[in-house]
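Remarks on the overall topology
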Amino acid sequence: MRTWFVTGVTPGGFGLVYAEAALNQGDQVVVTARRPSELQEWAEPHGDRVLVLQLDITDAEQVRAAVRTAEERFGGIDVLVNNAGRGWFGSVEGAPDEMIRRTFDLNLFAVVEVIRAVLPGMRARGDGWIVNMSSVAGLVGAQGFGYYSAAKFALEGLSETLRHEVEPFGVRVLVVEPGAFRTKAFAGFRNEPVNETVDAYVPMVEGVKAAFVEHDGKQEGDPERGVQAVISAMNAPVPPKRIVLGNSGYDVVVAMHENALAELRANEKLSRGADF
C-alpha cells in the first residue's frame, strides 16, 4: 500500500480524481485544500485511508507542517502529486505586478517548497514518485497567459534538473502536461475582472477571457482518463519523463517540436559557426 500526498484538491478538479484513483487501487491518500470542509463528506466513507489537511501551499511553514503530519500518520509519502495551481489572464506588458507575483508564488515557488519538504523522506527510503502537474502552456506559450506559461516553463526546467539529481536515490519525476480538461478550472473566469493596465491589450485579454468562459464545460479532456494515463505511465517498464494529455494538446506539442527542430536545422550553420 502506497501513500499519496495530493495538493490543491477541490471538488471537480484533477486532485480529487488522483485521490480516488489511488484509493481504488488500494492505496491511502493525504489530500490538501484551502477549504477542507468541502472534502469532509467525500472523505468519510474511506475512513482511515484518507487524511484531509488544510493547506495554503504558498505558506512554507504550513507546507512543512502538513508533510510532517502526513508522515507521522502514514509513515511516509510514496507519491507526491503537485496539483495545486492556476493562471490569471493579462498581457506580458500590462499584467498587474501583484498578479505576476501571485502566479509564480502559486505555480512555482510553492511547488518548490512542497518538493523540498517531501524529498528527505523519499531519499531516506530510497523510493518515491514526484508527479508535477504542468500544462501544455508549459511547452507552448499561451497568449494572454504569459506569466502562467512562464511559471510552467520554469516548472518544466526545474523538473528536468530535479530528475537527474534524485534518480540516484530511487526517486522518479514525471511531468504531466494536460490540455483543456473538463474540470472546474475555467469556471472561475466568468466573474473575474479584467485588470489589464495597458489599454492597447484590453481587447486581446477580454477575448481570451471570453474564450475560456465559452469553453467551460465543453473541454475535450476527461480527467479520469487523464489520471489513468498518468498511472499507466508510472507503471510502465520504462516510465516516460513527461506525458501530454489530450488530443488537441498532443497535436499542438508535436507541431511545436517539429517546427522547432526544422528551424534549428535551418540555422545549423549559424549555430555551429559561433565557436572558435
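The present account deals with the structure reproduced in this document. Keep in mind it's a predicted model, so treat the numbers as computed, not measured.

**Quick notes on the sheet that holds strand S5 (residues 128-133)**
Reading across the sheet, the seven strands line up as S3-S2-S1-S4-S5-S6-S7 and stay open at both edges, with parallel pairing between neighbours. The strands lining the two open edges of the sheet, one partner per strand, are strand S3 (50-54) and strand S7 (242-245). Neighbour to neighbour, the strand axes of the sheet diverge by 15° on average, direction disregarded. Note that strand S2 (residues 28-33) and S3 share five bridges and pair parallel. What sits directly across from Val-30, in S3, is Leu-51. Each of strand S1 (3-6), strand S4 (79-82), S5 and strand S6 (171-178) is contacted by helix H4 (residues 97-125), which is oriented at about 175° to S4, the strand it contacts most.

**Structural notes on the packing of aromatic side chains**
Throughout the structure, instances matching the rule amount to four aromatic pairs. Note on Phe-14 and Tyr-18: the rings are 6.4 Å apart at their centroids and 40° apart in plane angle, and the pair reads as tilted. In this pair, Phe-14 and Tyr-18 both sit in helix H1 (residues 14-24), four residues apart, roughly one turn of the helix. Of the two residues, Phe-14 and Tyr-18, both sit in the buried class. With a centroid separation of 6.3 Å and 85° between ring planes, the pair formed by Phe-145 and Tyr-148 is classed as edge-to-face. Its relative accessible area of 5% is what places Phe-145 among the buried residues. Among the aromatic residues, those joined into a ring-pair cluster are Phe-89, Phe-145, Tyr-148 and Phe-212. The ring of Trp-88 is capped by Arg-102, whose NZ or CZ atom sits 4.5 Å from the centre of that ring.

**Comments concerning the nonpolar core**
With 37 residues, the main nonpolar core has Phe-5, Leu-80 and Ile-130 as its most contacted residues. Mapped by element, the contributors of at least two residues to this core are S3, helix H3 (60-74), H4, helix H5 (146-166) and S6. The leading source of residues in this core is H4, at 13 residues. Beyond its immediate sequence surroundings of up to four residues, Leu-80 is in contact with Phe-5, Val-114, Ile-115, Val-118, Met-122, Trp-129, Ile-130 and Val-131. Formed by 34 residues, the second largest nonpolar core is a distinct cluster that contains Val-9, Val-17, Ala-21 and Ala-22.

**Structural notes on the pattern of salt bridges**
A complete count under the given rule lists 13 salt bridges for this structure. Note that Glu-113 is salt-bridged to Arg-64, the shortest N-O span being 3.8 Å. Of this pair, Glu-113 sits in helix H4 while Arg-64 sits in helix H3, placing them 49 residues apart in sequence. In this structure Glu-113 comes out as partly exposed when scored by relative accessible area, which is 26%. Between Asp-127 and Arg-172 there is a salt bridge, and its shortest N-O distance comes to 3.1 Å. Of the two residues, Asp-127 sits in the loop between H4 and S5 while Arg-172 sits in strand S6, which places them 45 residues apart along the sequence. On the accessibility criterion, Asp-127 (35% relative accessible area) is partly exposed. Residues joined in a network through salt bridges with shared partners are Glu-61, Arg-64, Arg-68 and Glu-113.

**Some details on the packing of H3 against H4**
Their axes nearest at 9 Å, the elements H3 and H4 cross at an angle of 30°. For the element pair H3 / H4, the angle class is roughly parallel. As H3 runs across H4, the sense of the crossing is right-handed. Residue-level contacts link Ala-60, Val-63, Arg-64, Val-67 and Glu-71 of H3 to Glu-113, Val-114, Ala-117, Val-118 and Gly-121 of H4. Residue classes in the contact of H3 with H4 are distributed as six nonpolar, one polar and three charged.

Calculation notes
- Residues numbered from 1 in each chain as written.
- Predicted model: local features only at pLDDT ≥ 70, side-chain atom pairs only at ≥ 80, totals over all residues.
- Heavy atoms only, no water.
- Pairing = 2+ DSSP bridges.
- Helix = DSSP H or I, 4+ residues; strand = E, 2+ residues; numbered from the N terminus.
- Axes fitted to C-alpha atoms, helices over the stretch in contact; angles between N-to-C directions.
- Contact = heavy atoms within 4.5 Å.
- Phe/Tyr/Trp six-rings, centres within 6.5 Å; stacked < 30°, edge-to-face > 60°.
- Buried < 20%, exposed > 50% of the residue type's maximum accessible area, 1.4 Å probe, protein only.
- Lys NZ or Arg CZ within 6 Å of the ring centre and 35° of its normal.
- Core = buried A, V, L, I, M, F, W, Y, C linked by side-chain atoms within 4.5 Å.
- Salt bridge = Lys/Arg side-chain N within 4 Å of Asp/Glu carboxyl O.
- Parallel < 35°, antiparallel > 145°, perpendicular 65-115°, else oblique.
- Left-handed = near helix turned anticlockwise from the far one by under 90°.
- Nonpolar A, V, L, I, M, F, W, Y, C, P; charged D, E, K, R; others polar.

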